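Results of the structural survey
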Amino acid sequence: MMANQAQQQLMSLMMQERGPFPQTANVVELVFHPKGYRPFLVNWEDVASFLLRRLHRDHQARPDPGLASLLKRLGELADVEALLHQEPPGDRSEPMLALDIDLAGQRLRSFSTLASFGTALDVVMEELRIEHYFPADDATRRWFRKQIQ
């Protein structure tokens, strides 16, 4: 729902290449939208499948009308059933999400980790998740150091 300065700058570079993103405050919706992140994600099906499995687990654990609404919107943007049943890539484990981005002809490879407060006593803190992205290779690390300042 929120993005730091580096993410905002990356989004700005994407919009310079393809035009404005759709109006949404949800990054997951941008991943699924054909005018959002989707055209930049080389491994979009893997990313979309991973995110859907996570969202469905969350919704099963704690049904929420907002999450149900998001899942419905994603269903309008992609074949959710097919993505949910897609097998994860054999070389990647479920706890990490690999992103392969093609931006202005440059292949950027990164992986993400997700931090949450699993034993929090406060509902707001329990639902807080912080996702961190890290360069997966030296070329990506150099690109980000040069572009994102």
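Remember, it's a predicted structure, so these values are computed and weren't measured experimentally. (Residues numbered from 1 in each chain as written. Predicted model: local features only at pLDDT ≥ 70, side-chain atom pairs only at ≥ 80, totals over all residues. Heavy atoms only, no water.)

Digging into the overall build of the protein chain
Rule in force here: Numbering of helices and strands starts at the N terminus; helices are DSSP runs of H or I of at least 4 residues and strands are runs of E of at least 2. Think of it in three bands: residues with accessible area under 20% of the maximum for their type are buried, residues over 50% are exposed, and the middle band is partly exposed, with areas taken using a 1.4 Å probe on protein chains only. Any pair of residues with heavy atoms lying within 4.5 Å of one another is described as a contacting pair. Method for areas: the Shrake-Rupley scheme with a 1.4 Å probe, in which residue coverage is limited to the protein chains shown.
For the protein chain, the helix and strand inventory stands at seven helices and three strands. Looking at the protein chain as a whole, 34% of its 149 residues qualify as buried. Put simply, of all contacts in the protein chain between residues at least 6 apart along the chain, 52% involve residues at least 24 apart. For the protein chain, the exposed surface amounts to about 9,400 Å²; the carbon and sulfur share of it is 54%.

Focus on the environment of L13
If you trace the backbone, L13 turns up in helix α1 (residues 5-18). Between the C-alpha atoms of L13 and I148, which are 135 residues apart in sequence, the distance is 9.8 Å. Ignoring anything within four residues of it in the chain, the contact list for L13 reads L103, W143, Q147 and I148.

Side note on the sheet that holds strand β2 (residues 106-116)
The condition that has to hold: Between any two strands, pairing holds if DSSP finds at least two bridges. Think of each axis as a best-fit line through the C-alpha atoms, taken over the contacting stretch in the case of a helix, with angles from 0 to 180 degrees between the N-to-C directions.
Spatially, three strands are ordered β1-β2-β3 in an open sheet, and the strand pairing comes out antiparallel. The open sheet is flanked by β1 (97-103) and β3 (129-135), the only strands paired with a single partner. Here the average twist between neighbouring strands, direction ignored, is 30 degrees. Bridge count between β1 and β2: seven bridges; the pairing is antiparallel. Opposite A98, over in β2, you have F111 as the bridge partner.

Things to note about the confidence of the model for the protein chain
Definition in use: What pLDDT conveys is the predictor's confidence in a given residue, as a value from 0 to 100.
The predicted model of the protein chain has a mean per-residue pLDDT of 85, with 87% of residues at 70 or higher. Here helix α6 (residues 123-127) stands out as the element of the protein chain with the lowest mean pLDDT, 65, in contrast to helix α4 (residues 65-77), whose mean of 93 is the highest.

Details of the packing of aromatic side chains
As a reminder of what qualifies: Geometry of aromatic contacts follows a simple scheme: Phe, Tyr and Trp rings, the Trp one being its six-membered ring, pair when their centres are within 6.5 Å, and the pair is stacked under 30 degrees between planes, edge-to-face over 60, tilted otherwise.
Inspection of every chain in the model, using the stated rule, returns four aromatic pairs. Aromatic side chains F32 and W44 sit 5.8 Å apart centroid to centroid with 80 degrees between the ring planes, which places their arrangement in the edge-to-face category. Of the two residues, F32 sits in helix α2 (residues 27-32) while W44 sits in helix α3 (residues 44-61), which places them twelve residues apart along the sequence. Both residues of the pair, F32 and W44, belong to the buried class. With a centroid separation of 5.0 Å and 90 degrees between ring planes, the pair formed by W143 and F144 is classed as edge-to-face. Residue classification places W143 among the buried residues on the basis of a relative accessible area of 13%.

Quick word on a nonpolar patch on the surface
The test is simple: Each patch is built from salt-bridge-free residues with over 30% relative accessible area, joining like charges within 9 Å and nonpolar side chains (Val, Leu, Ile, Met, Phe, Trp, Tyr) within 5 Å. Every case where a carboxyl oxygen of Asp or Glu lies within 4 Å of a side-chain nitrogen of Lys or Arg is listed as a salt bridge.
A contiguous nonpolar patch, built from F117, L128 and I130 and spanning about 230 Å² of accessible area, is present on the exposed surface. Within the secondary structure, L128 sits in the loop between α6 and β3.

Structural notes on unusual backbone geometry
Despite not being glycine, A104 shows a phi value in the positive range, around 55 degrees. In this structure, A104 sits in the loop between β1 and β2.

Considerations on the pattern of salt bridges
Within this structure, the stated rule accounts for four salt bridges. Here E131 makes a salt bridge to R54, at a shortest N to O gap of 3.7 Å. Placement of the pair is E131 in strand β3 and R54 in helix α3, with a sequence separation of 77 residues.

Comments concerning α4
Note the cut-off: Helix span, as expected, comes to 1.5 Å for every residue beyond the first. Arc definition: directions from the helix axis to the C-beta atoms.
For α4, which comprises 13 residues, the first-to-last C-alpha distance of 19 Å matches the rise-based estimate of 18 Å (1.5 Å per residue) to within 8%. Within α4, the full set of buried residues consists of L67, L70, L71 and L74. Burial along α4 is one-sided: seen end-on, the buried residues are contained in an arc of 100 degrees. Summarising the geometry of α4, the exposed residues directed more than 90 degrees from the buried face are P65, K72 and E76. Buried residues belonging to α4 abut α2, α3 and α5 (80-84).

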